[in-house]
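# Notes for the structure review
Each chain, letter by letter, is given below.
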Amino acid sequence: MTVLLVAILLAPPTGAREEIRLESLPEECGPVEIGNRLVYRFLRTERMKLPYRYAEVCTWSGALKFAHASGNQDFLAKLEERFVPVFSTDKDAIPPIGFYRDDFKHYVDFNVFGVLPLTLYQITRNDNYKALGLSYADAQWTLPEGATPGHKAYLEQGLTWQTRFWIDDMYMITALQSEAYRATGDRKYVERAAKEMIAYLDALQRPDGLFYHAPDAPFYWARGNGWVAVGMTELLRNLPADSPCRPRILASYTKMMECLKKYQRTDGLWGQLIDKADIWVETSGSAMFVHAMITGITHGWLDKSRYEDGAVEGWMALIKHLDAEGNMTEVCVGTGKRNDEQFYYDRPRKTGDYHGQVPMLWCACALLEYVNR
């Protein structure tokens with residue numbers, strides 16, 4: 001089978017490949033085969049340094065969602081088994097809840113841990129997972145000890161005190177609140193996430209639909225834009241049709257997808273800086289964009305006739321960057337903002353980094369949702 005897979009992946013972009021559709025991917029390139037390889041890789045990887053950080057948490061929850069969608073009970077058991085020790089021997093793995101310190105402001109990156117137990121709860125109905133996950137979701141709208149007047153002002157506006165207007169927050173906040181809504185059915189979670197999203201869209205989205213890394217870093221960094229794309233996608237999947245926030249978020253999503261379509265390269269992927277033709281291809285952002293497009297087609301937010309080719313080409317190009325060990329290549333390392341374009345050109349690339357593993361799992365889940373719709 002390995003020989004056959006390699007032959008398919010290396011085949012020139014002519015002939016039969018042009019006829020591949022989302023519902024007719026070759027089995028060796030389909031979501032189950034690729035998702036299995038990614039989950040096997042995750043289960044072989046030791047836990048990162050404590051406490052759990054967002055990239056590992058997102059990969060873990062993505063693996064759970066894939067295992068559930070594909071009906072793989074063995075994966076589900078092993079992924080849950082890996083989590084259970086946080087209630088006993090691995091309590092130090094649990095990130096602090098709702099904390100604030102002047103010298104450490106990355107609280108959003110820790111709070112997203114709540115997505116993991118909330119995902120487990122929806123699969124297992126274990127109330128211990130639900131309680132743990134909700135403690136993180138609730139903390140985002142509960143003023144902590146040591147909070148500043150600025151934090152209080154955000155909360156008085158109906159926003160989380162953790163608001164900081166970094167583009168990756170548009171996933172970190174909305175994903176947690178969306179999972180809390182899915183676990184409880186309480187609309188307060190998803191509606192406040194939607195209000196938060198609109199505040200970020202108003203502040204950060206550019207006229208062409210894309211997002212600068214930050215106001216003082218005016219560059220279209222791929223993974224940063226990817227977090228936004230996935231965050232809007234998650235909200236649209238969960239936000240009730242009668243939500244007053246839905247039209248605004250949908251308009252921003254479709255505007256972004258239209259611009260991304262324009263910048264998709266002939267190989268099916270996007271560059272480390274989306275609008276720079278001479279920069280290297282970056283797979284984590286590309287996979288997030290493909291996920292957002294597949295999901296948009298599935299739910300009817302995007303015109304299938306206009307976006308399917310790009311989604312298929314993106315997926316087929318991405319799996320060429322999945323090595324024999326189940327590692328994604330060409331993944332930009334964790335990157336803070338900088339007002340220096342060359343900085344983004346020079347960022348190191350890693351293989352097997354969680355930032356690249358999780359969006360491929362999201363793509364596999366999106367493809368399964370499409371074929372099973």
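As the structure is a computational prediction, the values presented were derived from the model and not from experiment. (Residues numbered from 1 in each chain as written. Predicted model: local features only at pLDDT ≥ 70, side-chain atom pairs only at ≥ 80, totals over all residues. Heavy atoms only, no water.)

Time to look at helix α2 (residues 31-43). For α2, built from 13 residues, the straight-helix expectation of 18 Å at 1.5 Å per residue is met to within 8% by its first-to-last C-alpha distance of 18 Å. Inspection of α2 places Pro 31, Glu 33, Ile 34, Gly 35, Asn 36, Arg 37, Leu 38, Val 39 and Phe 42 among the buried residues, and these make up the whole buried set. (Helix = DSSP H or I, 4+ residues; strand = E, 2+ residues; numbered from the N terminus. Expected span 1.5 Å × (residues − 1). Buried < 20%, exposed > 50% of the residue type's maximum accessible area, 1.4 Å probe, protein only.)

Take the nonpolar core next. One finds Ile 249, Met 256, Met 257 and Trp 315 to be the most contacted residues of the largest nonpolar core, which totals 115 residues. Within the second largest apolar cluster, 11 residues are counted, among which are Ala 217, Phe 219, Leu 273 and Tyr 344. (Core = buried A, V, L, I, M, F, W, Y, C linked by side-chain atoms within 4.5 Å.)

Along the chain, the position of Asp 169 falls in helix α9 (residues 169-184). Look past the residues within four positions of Asp 169 in its chain and what remains in contact with it is Val 108, Gln 162, Arg 164, Thr 174 and Tyr 200. (Contact = heavy atoms within 4.5 Å.)

We now examine the environment of Lys 65. Residue position: Lys 65 is located in helix α3 (residues 54-70). A relative accessible area of 28% means that Lys 65 is categorised as partly exposed. When residues no more than four places from it in sequence are discounted, the contact partners of Lys 65 are Thr 119, Glu 179, Glu 234 and Cys 365. Polar contacts involving the side chain of Lys 65 include one to the side chain of Glu 179, which spans 2.6 Å. (Polar contact = N/O pair within 3.5 Å; in protein donor to acceptor, adjacent residues only side chain to side chain.)

Take the packing of helix α4 (residues 73-83) against helix α6 (residues 115-124) next. At their nearest, the axes of α4 and α6 sit 12 Å apart, and the two run at 135° to each other. In this view, α4 runs oblique relative to α6, as classed from their interaxial angle. Read as a crossing pair, α4 and α6 show a hand that is left-handed. Together, Leu 76, Glu 80 and Phe 83 of α4 and Leu 116, Pro 117, Leu 120, Ile 123 and Thr 124 of α6 make up the contact between the two elements. (Axes fitted to C-alpha atoms, helices over the stretch in contact; angles between N-to-C directions. Parallel < 35°, antiparallel > 145°, perpendicular 65-115°, else oblique. Left-handed = near helix turned anticlockwise from the far one by under 90°.)

The next subject is helix α12 (residues 246-263). The terminal C-alpha atoms of α12, which comprises 18 residues, lie 26 Å apart, in line with the 26 Å expected from a rise of 1.5 Å per residue. Taken together, the buried positions of α12 are occupied by Arg 246, Ile 249, Ser 252, Tyr 253, Met 256, Met 257, Cys 259 and Leu 260. Across the axial projection of α12, the buried residues extend over an arc of 165°, all falling on one side. Among the exposed residues of α12, those oriented more than 90 degrees off its buried face are Pro 247 and Lys 262. Those residues of α12 that are buried lie in contact with α10 (187-204), α11 (222-238), α13 (283-299) and α14 (304-319). (Arc of directions from axis to C-beta.)

Let us now look at the packing of helix α7 (residues 127-139) against α9. Orientation of α7 relative to α9, taken along the N-to-C sense of each, is 140°, at an axis distance of 9 Å. As the angle between them shows, α7 and α9 are arranged oblique. In terms of crossing hand, the pair formed by α7 and α9 is left-handed. Contacts between α7 and α9 pair Lys 130, Gly 133, Leu 134, Tyr 136 and Ala 137 from the former with Leu 176, Gln 177, Ala 180, Ala 183 and Thr 184 from the latter.

Locating Val 331 in the fold gives a position in strand β1 (residues 331-332). Placed 303 residues apart in sequence, Val 331 and Glu 28 show a C-alpha to C-alpha distance of 23 Å. The contact partners of Val 331, leaving out residues within four places of it in the chain, are Arg 223, Glu 282, Thr 283, Ser 284, Pro 348, Arg 349, Lys 350, Asp 353, His 355 and Gly 356.

The next subject is the environment of Ala 217. Inspection of the secondary structure puts Ala 217 in the loop between α10 and α11. Taking C-alpha positions, Ala 217 is 8.4 Å from Glu 341, a pair spaced 124 residues apart along the chain. Once residues within four sequence positions are removed from consideration, Ala 217 is found in contact with Tyr 212, Lys 337, Arg 338, Asn 339 and Tyr 344.

Residues of the protein with pLDDT of at least 70 account for 93%, and the chain-wide mean is 92. When the criterion is pLDDT under 50, residues 1-17 qualifies, and its contacts beyond four places in sequence or with other chains add up to 16 contacts. (pLDDT = per-residue confidence, 0-100.)

Before going further, it helps to spend a moment on the state of the cysteines. A covalent bond between the sulfur atoms of two cysteines is what we call a disulfide. For the structure shown, the criterion picks out zero disulfides. Of the cysteine sulfurs around Cys 29, a residue in no disulfide, the closest is that of Cys 363, at 14 Å. Taking the relative accessible area as the measure of exposure, Cys 29 reaches 0% and is therefore buried. Cys 363 forms no disulfide, and the closest cysteine sulfur to it belongs to Cys 365, at a distance of 9.4 Å. Classification of Cys 363 by relative accessible area gives buried; the value is 0%. (Disulfide = S-S within 2.5 Å.)

With that out of the way, let us pick up the packing of aromatic side chains. Inspection of the entire model under this criterion finds 22 aromatic pairs. For the pair Tyr 52 and Trp 60, a centre-to-centre distance of 5.4 Å together with 75° between the ring planes defines the contact as edge-to-face. Comparing Tyr 52 with Trp 60, the two get one shared label, buried. Taken together, a centroid distance of 5.4 Å and an interplanar angle of 55° make the contact between Phe 219 and Tyr 344 tilted. On the criterion of sequence distance, the pair formed by Phe 219 in the loop between α10 and α11 and Tyr 344 in helix α15 (residues 341-345) is long-range, its members being 125 residues apart. Tyr 344 sits in the buried class, given a relative accessible area of 0%. These aromatic residues form a ring-pair network of at least three members: Phe 42, Tyr 52, Trp 60, Phe 83, Phe 87, Phe 113, Tyr 129, Tyr 136 and Tyr 354. (Phe/Tyr/Trp six-rings, centres within 6.5 Å; stacked < 30°, edge-to-face > 60°.)

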